[in-house]
Amino acid sequence: MTQGLTRAQLGVTDEMVAAYGETIFALSNNLQIRRGDPVREKDFAAIEARRHELGMGDAGIAERIGLTPAQVTLIRNLEERRRFRTGHYHLLNALGGGRRYRAERFVPFQDHFRFSEEALALRAAFSFDPERVRGYVEQGWWGSDTLSGWLRRNARANPEGAALVDERGSVSNAGLETRVAAITAGLHHAGVRPGDVVAIQLPNTREYVEVFLAVSSLGAVMTTLRMTSRGPELAAQLGHSRARMLVAPDRIGDFSPVGWWSEHRSELPLLETPVVLGAEVPRAEVPGALPYERLAAGAPPLPRDWREPTAADPFLLLYPSDAASGRPKGVPLSYHQMLSNARLGIAEHGVRAGDVVLSAAPFGDFCALYSVAAALAAGAAIALLPAFSPPALVDAIERLRPTHLFAAPAHLAASVGADLLDRTDLSSLRLVVLAGKPIPPDLVRALAPRLPNGEVCRLWGMTEIPAGLYTRKGDGPELAARSVGHPSPGTEARIADEHGREVPRGAKGELQVRGPSVFAGYFDNPEATAAAFTADGWFRSGEAARMDADGNVVLSGRFEEVAGR
Amino acid sequence: MDERPEVEPSQAKTEIFAYAHKRGALAVGVADLDAIERIAPPGHRPTDLMPRVKSVIAIGVGGQTQGAWRVPAKAMAYFGSTETRAYSCSYALAFFIESRFRTPSIYCPPDLDNEEGPRIPLQSLKLHAELAGIGARSLAGDILLHPEFGYMYFASVFTELELPADEPLAENPCPAPSCVDMYRRQGRTPCMKFCPVQCLSGKIDAEGRQEEMHYDMAACAEMSQQYEAVPAILADAMGAGDEAGRRDALFDPDNKMLWYKMSVGSGGLLAQCFECMRVCPIATGAELADPIRRARAGR
């Protein structure tokens, strides 16, 4: 309680604590620095010169970020309790204290929640205007969503419900939680710490989801490598992301990721431990590699005072596939950005607990990860298609009975072209979400009548804003054939000319977006970040587009080409 | 208060100091009011609280007993109710000034400032004591130390009686010579070395004086927040969403230990871990730092 008022009376929600906690903590006067002895010497000039170093009181912070002082006091107290897990009598007793001090038991304070330099650099990529944050929180766009929180909630609400379905059968919510806990402990035992980056080069398998959730539960950050990545592309992403661990199969065709790592490890000094899935465990030939099953078995549990990630933490570092060559453009995303996008989207897509969500695209794709997040947000099952081919897709649809399919146009065009869909039972599908470019209108028109119980929607997004705009259920195939619909909840969209001025409805220009799910900036690439945003905070998508009278956006190629830039 | 006796300010000061000593103060001083007004931020100045204040009297009472310094670390926090004595002494002193000199006086509340939160006190008792010459800032997070009495607890009295101000201590007793020696050899003083959360650091100059003091209050709070443990636990329990959450908040293993201590222990306030003071040669080793030393010195 603060000033005799309860948390509810003060109007402080979990979301507010998650959104504001770090900012308030950073602004508080936590570090006292004194040079010389100015008060005793009555050196008023020195006192005045250093007054600003004292930090801010709760009232000053409240004025700065737009809360009441009492709310700030409460949030700061909660944030400090979360960070410090106070009540460490056991630690004090174990140390002995004073002249009974036992140096061998000493743990530097900062090690209780130490972030590596690389992790701190990644966190520094998240910078938000407090006023916008306040709006996101007040509107409910940013919540306290974390993947580990959703996993735990699903396991409690429906322990026997299916979390994963694939050709081997299904994994229950409770089973997935148990499995993820074991791998989380294994990752920690292997040296992964909050904020560290773990690279994954895996197909859409159970292991992918397990590792993704375990990395998140640990407060670490996942970067996804495309299954086709080799040589220079691999080195560039692993190096730029500062990845500390690589999880990959023993073979991708005739390529051995761990073998490649072994040959190039001197170029990647931070990448210490590759984890290998598959029959060939190359421990003998590649010292340092760790078999996946060993990672998942027998590691000691996490320390009792382990700090769970909060919604403001980063958990993804994605690299757009269409990025031009040159300095890599890593897109860090926090739970706030990615998960609120999914949470708000499930009502629009009609995803519910008990549904089954299938992605034809590999999970490294932003839209596929969005589908995974949407499934977890709703308590739906994730259907797994390890490798796309038209026959594999239709087989998965018939056997796994998805209610929702997320796919790129190429996936379905190939299936339509091979006349496979006509011979497939598509009755389970309530929604097919097409994402990617270009989407031929005829594909939408050809697909819609083949869905006896479903509809086709179109989604526009990028790594920088996973689900930015989409058509809604009930919009009809004609709208989806010509348009990507209107913005996702919380997202604003406008069409602007090359000078950044909004153009009238119907006129062509560049599609620009902003909102709670738009990324904050590229990792370690300030030039690209500066070029990506307008002065007033709109993200320049690079898409040429116009907005119709109803607010639906129609894409028409790349803006640079249209504008002749 | 209209029959104010004619008393020389210096005579009044002597009587006030004698009364404070009689009530248990080890050290008493009058702070330079103008200096406080210049240093304290707006809203935290003596005139903000008492517009016609003329003098600020700071008193210090003895800290832990020698026995308290010797018990194991875990129990240390339960022996710290000395500030209550400081407050009762200053409370009595305010009454004494009003009855003897017919002049309005108040015992200065050390409570939290509702506007600024717990990190910024309504009035800085530390600032009053330092300017009154009964303590100087140490490398141990600016805890005030006195060359004779070591580590004390402080309280203040504001009065409209004009008293001659004292000067701050001419020399800062911190760092002690042994601490300077250790710093030269190891780069750390005892308080820096033995802090369980490593919240202290700093530099000592070539003359053996403090050059810089760094105190990470947030780190210190890792140990010290037991001070607020009971209200915090109750707040957690009241804020819990369901019965299980309330049970967890109240009967977490650490908290169960706390309830046990509270029910069978002194009932006093909880406090910081005090490891920095336990190993401080001034806090525990000053000539008159504890009752045993004072008895030996005939005081």
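Residues numbered from 1 in each chain as written. Chains lettered and ligands numbered in written order. Predicted model: local features only at pLDDT ≥ 70, side-chain atom pairs only at ≥ 80, totals over all residues. Heavy atoms only, no water.

Before going further, it helps to examine the overall build of chain A. A tally of helices and strands in chain A yields 22 helices and 21 strands. Long-range contacts, defined here as pairs at least 24 residues apart, represent 69% of the contacts in chain A between residues at least 6 apart. When the accessible surface of chain A is summed, it comes to about 22400 Å², and 52% of that surface belongs to carbon and sulfur atoms. (Helix = DSSP H or I, 4+ residues; strand = E, 2+ residues; numbered from the N terminus. Contact = heavy atoms within 4.5 Å. Areas by Shrake-Rupley, 256 points an atom, 1.4 Å probe, with all protein chains shown as cover.)

Helix and strand counts for chain B come out as 16 helices and 10 strands. Within chain B, buried positions represent 55% of all 299 residues. Sequence separation of 24 or more characterises 70% of the internal contacts of chain B that already satisfy a separation of 6 or more. (Buried < 20%, exposed > 50% of the residue type's maximum accessible area, 1.4 Å probe, protein only.)

With that settled, consider the sheet that holds strand β1 (residues 31-35) of chain A. Taken together, the three strands give an open sheet; going across it, the order is β1(A)-β10(B)-β9(B), and neighbouring strands pair in antiparallel fashion. The strands lining the two open edges of the sheet, one partner per strand, are β1 of chain A together with β9 (200-204) of chain B. Pairwise comparison of adjacent strand axes, ignoring direction, gives a mean angle of 5° for this sheet. (Pairing = 2+ DSSP bridges. Axes fitted to C-alpha atoms, helices over the stretch in contact; angles between N-to-C directions.)

All names here are of chain A. Taking strand neighbours across the sheet as the criterion, the nine strands line up as β3-β2-β12-β11-β13-β14-β15-β16-β17 in an open arrangement whose pairing is mixed. Either end of the sheet is taken by a strand with one partner, and the two such strands are β3 (169-172) and β17 (486-487). Alignment of strand β11 (residues 356-359) against strand β12 (residues 381-383), held across three bridges, turns out to be parallel. Opposite Leu-358, over in β12, you have Ala-383 as the bridge partner.

Quick look at helix α8 (residues 130-139) of chain A now. Residue and element names in this part refer to chain A. Taken as a whole, α8 has its buried residues at Val-133, Tyr-136 and Val-137. Seen from one end, α8 has its buried residues packed into an arc of 95°, which puts them on one side. In this structure, α8 carries Glu-138 and Gln-139 as exposed residues pointing more than 90 degrees from its buried face. For α8, the elements touching its buried residues are α2 (14-27). (Arc of directions from axis to C-beta.)

Moving on, we get to the state of the cysteines. In total, this model carries zero disulfides over all chains according to the counting rule given. Here B:Cys199 is not disulfide-linked; the sulfur of B:Cys195 is the nearest cysteine sulfur, at 3.6 Å. (Disulfide = S-S within 2.5 Å.)

Per-residue confidence for chain B gives a mean pLDDT of 83, with 80% of residues at or over 70. Low pLDDT (under 50) marks residues 260-270 of chain B, which in the prediction has 15 contacts with non-local residues, meaning those over four places away or in another chain. (pLDDT = per-residue confidence, 0-100.)

So, about the pairing of strand β5 (residues 221-224) of chain A. All names here are of chain A. Alternating residues of β5 divide into Val-221 and Thr-223 and Met-222 and Thr-224, and every residue in both groups is buried. Here four bridges tie strand β4 (residues 197-200) to β5, and the two strands are oriented parallel to one another. Each bridged residue has a counterpart across the sheet, and for Val-198 the counterpart in β5 is Met-222. For the segment spanning β4, helix α11 (residues 206-217) and β5, crossover handedness is right-handed. (Right-handed = clockwise from strand over helix to strand, strands pointing away.)

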